[in-house]
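Commentary on secondary and tertiary structure
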Amino acid sequence: MFDFYTTKKPSKETISIYPVRTDEFNDWFESRSDATKSQINVARFTAKPGETVIVRNAKGELKRVYYGVSNPVSAYDVATLPEFLQSRLSDETLANDVFELKDISDKEEIEKLILGWGLGCYKFDKYKTGEKTKNVWPILRLPKGFEKHTILNLLSGIFTCRDLINEPSNKLGPQELVERAKDIAKEFKADCKIIHDKDLLKQNYPMIFTVGDSSERRPALIDIRWGNKKDPMITLVGKGVCFDTGGVNVKPGQFMRNMKKDMGGAAHVLGLARAIMLSGLKIRLRVLVPAVENAVSGRAFRPDDVYPTRKGITVEIDNTDAEGRLILSDSLYEASSEKPELIIDFATLTGAARIATGHEIPPFFSNRHELEHDIKKVSFEVEDPVWPLPLWKGYRKELNSDIADICHMGKGRAGHITAALFLQEFVGNETPWVHFDVYGWSDANYPGKPKGGRDMGLHTTFEYLLRKYAA
Ligand code: BES
Ligand code: MN
Ligand code: ZN
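Keep in mind it's a predicted model, so treat the numbers as computed, not measured.

Moving on, we get to the overall build of the protein chain. Helix and strand content of the protein chain: 16 helices and 20 strands. Against the compact-globule benchmark of 23 Å for 471 residues, the protein chain has a radius of gyration of 24 Å, which places it among compact chains. Each principal axis of the C-alpha atoms in the protein chain carries an extent, and together these give about 80 × 50 × 40 Å. Across the 471 residues of the protein chain, 58% fall into the buried class. Taking the contacts inside the protein chain whose residues are at least 6 apart along the sequence as the reference set, 75% of them involve residues at least 24 apart.

Structure (structure tokens):
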């Protein structure tokens, strides 16, 4: 359980937090007492989403908190609240008082606010020494029926995802990622098989070995299985590049910064897997994570090289910085060989994806139109937007190679589409498949999405699966 939620009856009086709709601010303000009015004015509170005011009585005691809400209510309306209260209140108040969200009765709106509060309590400061940033969060009292709500499982998965992305690469190489995956498997008594280093060649994962061979920190394939054999099988695949230098076609410095996040796909599927297992969804889950480092070294693969793949076709290498699709090709081929009900992959695959839809919305691709439609719809309902882009066959010829069966890179501007088309060669069309090309990062502080590792499409996929396979 998170330390910023409680289900206990508070010993002291709870402090009520009231929403104020932006468009009702004027009437609301007029009906306040003079003492309250002046505090509202001092705080310059106008009930815009993200604005908050603390109201005290004549003795200076904390009485109420008001916050601005949008119409309809957004999870992010309360995401700034925990940090705001933390900065204004004493540690003693924070430790002893319990906050309660009032006047929102719609179940879906409450779910949003509870999630928003939790997202507002995320911080990654484990490497800060000396004067630690304040880490006592205000405590929210969960309404009845929310003690074991799936929203808490989702939040737990989101924190796992962000923590993994934020971990620097010197602390999280392929082996450490393997250890994290093992820990997660153990938590749920899931089966966890690891294929290490040269065994990748023996067991026919040549592309994972080839990319990972560039590094002293040896590659591995993580393979987790969980759930009841009778339930429909869902396979998750996540790009686990623990650092992407670009290989011998090395990235310029400004593009190499933040490349610790290139295992963001792995972080997403491991976080999502935790949320699924915590919620006991009626699915048979498989999680595949190729874990490698794309390093510059004398052993690194090169442009012009030709390698075999698990599928059997040969790939000609163009730029070694397009490494993600190579390790995913073997993983997706393995995933599809079992014909699960659905394959979902997450990958920080291309810079082009961000050009296409910006840093807020990851594009996604699917070989099924219903999936495109349903996932997009869910995503806007849960405020975790994703947008479908086409697997346009017209660009497939860009992947033709002069000397091998396929080249791994397109030549045009739609790098996100040709990357997805390359992946499609290995999943095929028999198994329904969804591919998310995620940025996985907040470039600045946004409410509930602080600068650093950021989940994108995790909530959406969880909600999609929850609606279909709820326990
Ligand atoms: N990991 C990068 C893509 C990336 C870069 C994602 C920045 C998010 C932020 C990937 O391995 C890569 O380098 N892609 C290249 C592919 C190109 C060489 C075809 C890209 O998108 O520039
Ligand atoms: Mn790369
Ligand atoms: Zn990469």
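Once that is clear, we can look at the packing of aromatic side chains. What characterises a pair of aromatic rings is the spacing of the ring centres plus the angle enclosed by the ring planes. This model, assessed by the stated rule, comprises 18 aromatic pairs. Summarising the aromatic geometry, the rings of F422 and F426 are spaced 5.1 Å apart at their centres and angled 55° between planes, so their arrangement reads as tilted. In this pair, F422 and F426 are both assigned in helix α15 (residues 415-427), four residues apart and thus about one turn of the helix distant. F422 sits in the buried class, given a relative accessible area of 0%. Using a relative accessible area of 2% as the deciding quantity, one classes F426 as buried.

Quick look at the sheet that holds strand β1 (residues 5-6) now. Backbone hydrogen bonds are what pair the strands of a sheet, in a parallel or an antiparallel way. Strand order in the open sheet formed by six strands is β1-β6-β5-β2-β4-β3, with mixed pairing between adjacent strands. Each end of this open sheet is capped by a strand with a single partner; those strands are β1 and β3 (52-56). By the bridge criterion, two bridges tie β1 to strand β6 (residues 139-141) in an arrangement that is parallel. Within β6, the position partnered with Y5 by the bridge is L140.

Next up on the list: the coordination of the manganese ion (ligand 2). Coordination sphere of the manganese ion (ligand 2), protein contribution only: D244 (OD), D321 (O), D321 (OD) and E323 (OE), at 2.0 to 2.2 Å. Geometry at the manganese ion (ligand 2) is irregular, judged from its six donor atoms and the angles of 71 to 169° they form at the metal. Between consecutive donors of the manganese ion (ligand 2), the numbers of intervening residues give the motif D-x76-D-x1-E. Between the two metals, the manganese ion (ligand 2) and the zinc ion (ligand 3), the spacing is 3.1 Å, and D244 donates to both. Using a relative accessible area of 0% as the deciding quantity, one classes E323 as buried.

Spatial strand order, β12-β13-β17: three strands in an open sheet with mixed pairing. The open sheet is flanked by β12 (306-308) and β17 (406-407), the only strands paired with a single partner.

Across its 17 residues, helix α6 (residues 150-166) extends 24 Å between first and last C-alpha, which sits within 8% of the 24 Å expected from 1.5 Å per residue. Of all 17 residues that make up α6, 15 are buried, and the element is covered over most of its length.

Turning next to the coordination of the zinc ion (ligand 3). Within the protein, K239 (NZ), D244 (OD), D262 (OD) and E323 (OE) serve as the donor atoms for the zinc ion (ligand 3), at 2.0 to 2.4 Å. Coordination geometry of the zinc ion (ligand 3): the six donor atoms subtend angles of 77 to 175° at the metal centre, consistent with an arrangement described as octahedral. Between consecutive donors of the zinc ion (ligand 3), the numbers of intervening residues give the motif K-x4-D-x17-D-x60-E.

This part is about the packing of α6 against helix α16 (residues 458-469). Direction vectors running N to C along α6 and α16 enclose 145°, while the axes themselves pass 10 Å from each other. Once α6 is placed against α16, the crossing between them reads as right-handed. Residues T150, L154, G157, I158 and C161 of α6 pack against L458, H459, F462 and L466 of α16. Taken together, the residues that form the contact of α6 with α16 break down as six nonpolar, three polar and no charged.

The next thing to look at is the site of ligand 1. If you check the shell around ligand 1, you find 15 residues, and the closest are K251, D262, D321, E323 and G351. With respect to ligand 1, the side chain of D262 contributes an N or O atom lying 2.8 Å from a nitrogen atom. At 2.9 Å from an oxygen atom of ligand 1 is found a side-chain nitrogen or oxygen belonging to E323. Classifying every residue of the shell around ligand 1 by side-chain character gives four nonpolar, three polar and eight charged.

Criteria and cut-off values
Residues numbered from 1 in each chain as written. Chains lettered and ligands numbered in written order. Predicted model: local features only at pLDDT ≥ 70, side-chain atom pairs only at ≥ 80, totals over all residues. Heavy atoms only, no water. Helix = DSSP H or I, 4+ residues; strand = E, 2+ residues; numbered from the N terminus. Rg over C-alpha atoms; globule rule 2.2 N^0.38 Å. Buried < 20%, exposed > 50% of the residue type's maximum accessible area, 1.4 Å probe, protein only. Contact = heavy atoms within 4.5 Å. Phe/Tyr/Trp six-rings, centres within 6.5 Å; stacked < 30°, edge-to-face > 60°. Pairing = 2+ DSSP bridges. Donors = N, O, S within 2.8 Å, 3.2 Å for Na, K, Ca; no water. Tetrahedral: all angles 85-135°; square planar, octahedral: opposite > 155°, others 65-115°. Expected span 1.5 Å × (residues − 1). Axes fitted to C-alpha atoms, helices over the stretch in contact; angles between N-to-C directions. Left-handed = near helix turned anticlockwise from the far one by under 90°. Nonpolar A, V, L, I, M, F, W, Y, C, P; charged D, E, K, R; others polar. Near = heavy atom within 4 Å. Polar contact = N/O pair within 3.5 Å; in protein donor to acceptor, adjacent residues only side chain to side chain.

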